[in-house]
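# Observations on chain architecture
Listed below are the residues making up each chain.
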2 protein chains.
Amino acid sequence: MDKNSLSATFKLGFLGAGQLARMSGLQAFRYGIQLAVFSDREEHEPVQFMTPHSMTGSYDSADDLANFAKECDVLTLENEFIDSSILREAQEQSGTNIFPSPNTFAKIENKLIEKRTFEDAGIPVTPYEIVKTVTDLKDFGQNYGWPYVLKSSKGGYDGYGNETVRNIEEAKKAFRELGGHNNHDIVAEAFVDFTHELAVQVARNETGHVVYPCCETVQENHICVGVKSPAPVSQSIQQKAQEMALKATEAIDGKGIFAYEFFLTKEGNLLLNESAPRPHNSGHYTIEGCVTSQFENHVRAVMGLPLGSSELRTPSVAMINLLGTDERDAQVDNALEALAGSDGHLHVYGKLDSRVGRKMAHYTLLGNDMDKTYETAQKVTEKIRI
Amino acid sequence: MDKNSLSATFKLGFLGAGQLARMSGLQAFRYGIQLAVFSDREEHEPVQFMTPHSMTGSYDSADDLANFAKECDVLTLENEFIDSSILREAQEQSGTNIFPSPNTFAKIENKLIEKRTFEDAGIPVTPYEIVKTVTDLKDFGQNYGWPYVLKSSKGGYDGYGNETVRNIEEAKKAFRELGGHNNHDIVAEAFVDFTHELAVQVARNETGHVVYPCCETVQENHICVGVKSPAPVSQSIQQKAQEMALKATEAIDGKGIFAYEFFLTKEGNLLLNESAPRPHNSGHYTIEGCVTSQFENHVRAVMGLPLGSSELRTPSVAMINLLGTDERDAQVDNALEALAGSDGHLHVYGKLDSRVGRKMAHYTLLGNDMDKTYETAQKVTEKIRI
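The paragraphs below set out a description of the structure included in this document. From a predicted model like this one, the values you see are computed outputs, not experimental measurements.

### With respect to the overall build of chain A
Check the secondary structure of chain A and you find 12 helices and 21 strands. Taking 2.2 N^0.38 as the reference for a compact globule, 386 residues should give roughly 21 Å; the C-alpha atoms of chain A span a radius of gyration of 21 Å, in line with that estimate. Overall, chain A is about 60 × 50 × 45 Å in size when its C-alpha atoms are taken along their principal axes. Taken across its 386 residues, chain A has 62% of its residues classed as buried. Taken as a whole, chain A presents about 14600 Å² of accessible surface, with 44% of it coming from carbon and sulfur. Separation between the mean location of the 37 positive side-chain charges and that of the 54 negative ones in chain A comes to 1 Å.

So, in structure tokens, the structure goes:
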């Protein structure tokens, strides 16, 4: 596509059909373009209800991906679980560009490579070692102290693929459960005593970059339950996190939207904890909270369009994740108070089945005072059953 | 549907597949529900790219509409051209509610009935008469002065179905062209010497109502080229227009979103000129300009959900309609400046064909000073080819 043009027949392809693709797709439609979706599931997923162009296949098959890519003008992803070599092959076979690029994915392919990439760029990361034996598990505990965290090097999210271990017995059990005996790389990470978990999104392409405010992700059991933007930490910490996020994006030559999660230690240091080469839960608040949402800038970035402002619309923005409360056909009950709120915005993802703890929806509230805004957002959503 | 619930299998049906249904659909998706679309055109229309649930048929066939309605949980419309009797029959056959209701449509069925309904409610309307003969045409000119406007009683929009006539010869010609000789009711309207054309949207359902700010529609050749909100008129005029719009909505027992256009005369009086029982071009600015857009409140209103705030996000909001500049496959060129603007928002409707003057897209700019904001919005969009 000519960079100066938006065509009504332009087709933006998504690998993945969940809420991240859905919310990105809603922004893509704003530009009058079309949307196509590839999923490995036959059943209807959130985005499949939003387009007549939908295909299923295997994420492990470069042929399947290439067949889909041929139908699209540009391809993007809502997850980071596809091998970069398969993405590269699909791109070559189809001639359709994939952004973020296979080269970017290769630099953050798994937790080990990711950490090395960012370390090499001079970004402090959580202390880690690859562990292969019981001796490694013991040594890590001796060197960095118990408890520590074991992580599967690939495929972990939302607490899945992560285990906090307090002693060698727990470490051996977790190692086995995470697949360490099946040649699956397991990474041990030192337990960081942090005061805040922070996140920053960065949109970047050949036209420039945009860095979002530094927000706080409020976590319970490794799951993000809410976000406060801006984060209730000093301006200099916020700025430092934003600088590190931009540096990280440049280190992987990222084209798209990227999210970075940091630990703020008791000593006031920032450690990069996780990265995501896609829209991220920590940035859902940007839909109403910022002038241009992470989803809109994702679409702009991969299409090569100029990026929009990431400025906050109000002094404080709170986001509450609405996790599944019941096992049932998806339905949102008791949301009237949330809908009636003055500058509150409910987003439901269109998943057909609720499961306890599953990300089903979120609620964003704009306000002037952070504590009050976050508290109100919690209050009007606490009765919601979903 | 239980009024307290949002179900992932809930299907909102649209009669019509243009940009109004498209922008409403984008809001519907936010609630995790599904979208279905009925159109009388086989070719792909903007909304048909947004859902796998699409049906074609005739708007004159209650059976066709009922078959579609049976697949939906609630039905709404993006135009007012379907006979209320056909809507009523489709509603009865299918058991699916249509909002705005067939009874509401019956009260604004054509320009004559519409004017009588609002007059009966005590709302001043543009002076008018139904004209059937050459004598009627002459008499109207003598009584109200030349020029005046002849309108087809049904089906007019954007200057189509309207003719300004300066003498009896032009009146006779226009009368014939508008179908006056084929038993088509033709309404003569006095030419109003106005200083501003104003518009107000109202959302209303059983939970209450929300009135949007009074905005100015900037017209060229009977086509709205831009909107300024709030309108650059006194607070008391704004408030009076808002009161009249609410009164009009109550007079037709409206459930949905409604738009009203007023003339502000040189003497400072307001005359109701047109009404639309649907989202309206004058309210496109509400997507970013207000806390809750006309489209979101349309969806909420017909689903029986509580309505969201219509408050302006910034002191001034400008909207520029981007009309087709060329006859060609739809493509937006030279939009980079508009995309790069700081709080500017481009919306493209996804129509496949551009025609000169066709509504293809719009651009909204938020700002603090109206003249400056409108001027900037004009400037960054003037080079766009579409």
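Anyway, onward from the coordinates.
### Re the environment of threonine 9 of chain B
Within the secondary structure, threonine 9 of chain B is located in the loop between β1 (5–7) and β2 (11–15). Spatially, the C-alpha atom of threonine 9 of chain B lies 43 Å from that of histidine 184 of chain B, the residues being 175 residues apart in sequence. With residues up to four places along the chain from it excluded, the contact list for threonine 9 of chain B reads Leu352 of chain A together with Gln34 and Asp73 of chain B. In this structure the side chain of threonine 9 of chain B is engaged in a polar contact, spanning 3.0 Å, whose partner is the side chain of serine 7 of chain B.

### Description of the nonpolar core
Ranked by internal contacts, the top residues of the largest apolar core, which has 84 residues, are Leu6 and Leu12 of chain A together with Leu6 and Leu12 of chain B. Apart from the residues within four sequence positions on either side, leucine 12 of chain B is in contact with Ala28, Ile33, Gln34, Leu35, Ala36, Val74, Thr76, Val299 and Val302 of chain B.

### What about helix α10 (residues 294–303) of chain A?
All names here are of chain A. Extensive coverage of α10 is indicated by the burial of 10 of its 10 residues. Restricting attention to buried positions, one finds in α10 the residues Gln294, Phe295, Glu296, Asn297, His298, Val299, Arg300, Ala301, Val302 and Met303. Directly beyond the C-terminal end of α10, a positive phi value near 80° is found at glycine 304.

### Quick look at the sheet that holds strand β9 (residues 186–190) of chain A
All names here are of chain A. The 4 strands are arranged β6-β9-β7-β8 in an open sheet whose pairing can be described as antiparallel. Here the strands that pair on one side only, and so sit at the sheet edges, are β6 (128–131) and β8 (162–165). Within the sheet, the average angular offset between the axes of one strand and its neighbour, ignoring direction, is 25°. Here helix α5 (residues 111–120) sits on the sheet and contacts β6, β7 (148–152) and β9; the angle it forms with β6, its principal contact strand, is near 150°.

### As for the interface of chain A and chain B
Contacts between chain A and chain B engage 48 residues on the former and 48 residues on the latter. Linking chain A with chain B are 4 salt bridges. Between arginine 313 of chain B and aspartate 343 of chain A there is a salt bridge, and its shortest N-O distance comes to 3.0 Å. Applying the counting criterion to the chain A and chain B interface returns 19 residue pairs in polar contact (both at pLDDT 80 or more). At the level of elements, β1 (5–7), α1 (19–30), β18 (331–333), α11 (336–340) and β19 (344–348) of chain A are the ones that each hand at least two residues to the side of chain A that touches chain B. Looking at side-chain class alone, the side of chain A that touches chain B contains 23 nonpolar, 16 polar and 9 charged residues.

### Some words on the packing of aromatic side chains
The full count for this structure, using the stated rule, is 14 aromatic pairs over all chains. Taken together, the ring pairs in this structure connect Phe140, Tyr144, Trp146 and Tyr148 of chain A into an aromatic cluster. Taking the ring centre of phenylalanine 99 of chain B as reference, the NZ or CZ of lysine 255 of chain B above it sits at 3.8 Å.

So, how was this worked out
Every chain is numbered independently, its residues counted from 1 as its sequence is written. Whichever chain is written first is A, and whichever ligand is written first is 1; the rest continue in order. For this predicted model, a pLDDT threshold of at least 70 governs which residues receive local features, and a threshold of 80 or more governs which side-chain atom pairs are given and counted, while totals over whole chains, interfaces and linings are taken from all residues. With hydrogens and water stripped out, all remaining heavy atoms of the structure feed into the side-chain values. A run of H or I in DSSP counts as a helix once it spans at least four residues, and a run of E counts as a strand once it spans at least two, with each numbered from the N terminus. Computation of the radius of gyration draws on C-alpha atoms alone. For the globule rule, the value is 2.2 Å times the number of residues to the power 0.38. Throughout, exposure labels follow a simple rule: accessible area from a 1.4 Å probe, protein chains only, divided by the maximum for the residue type, with under 20% read as buried, over 50% as exposed, and the rest as partly exposed. Accessibility throughout is a Shrake-Rupley quantity obtained with a 1.4 Å probe, and a residue counts as covered only by protein chains that appear here. The charged-residue count follows a simple rule in which Lys and Arg add positive charge and Asp and Glu add negative charge, with His and chain termini not counted at all. We put the charge of a Lys on NZ, of an Arg on CZ, of an Asp on CG and of a Glu on CD. We call two residues contacting when some pair of their heavy atoms lies within 4.5 Å. A 3.5 Å cut-off defines polar contacts: any pair of N or O atoms within that distance qualifies, except that in protein one atom must be a possible hydrogen donor and the other a possible acceptor, and neighbouring residues in sequence count only when both atoms are side-chain atoms. Buried residues of nine kinds, namely Ala, Val, Leu, Ile, Met, Phe, Trp, Tyr and Cys, make up a nonpolar core once their side-chain atoms join them within 4.5 Å. What makes two strands pair is DSSP finding at least two bridges between them. Inter-axis angles, ranging from 0 to 180 degrees, are taken between N-to-C directions of lines fitted to C-alpha atoms, where helices are fitted over the stretch in contact. Think of a salt bridge as a Lys or Arg side-chain nitrogen and an Asp or Glu carboxyl oxygen that are within 4 Å of each other. Ten residue types, Ala, Val, Leu, Ile, Met, Phe, Trp, Tyr, Cys and Pro, are classed as nonpolar, four, Asp, Glu, Lys and Arg, as charged, and the remainder, Gly among them, as polar. When the centres of two rings from Phe, Tyr and Trp lie within 6.5 Å, Trp using its six-membered ring, the rings pair. Their planes under 30 degrees apart give stacked, over 60 give edge-to-face, and anything left gives tilted. The rule for a charge over a ring is simple: NZ of Lys or CZ of Arg within 6 Å of the ring centre, and within 35 degrees of the ring normal.

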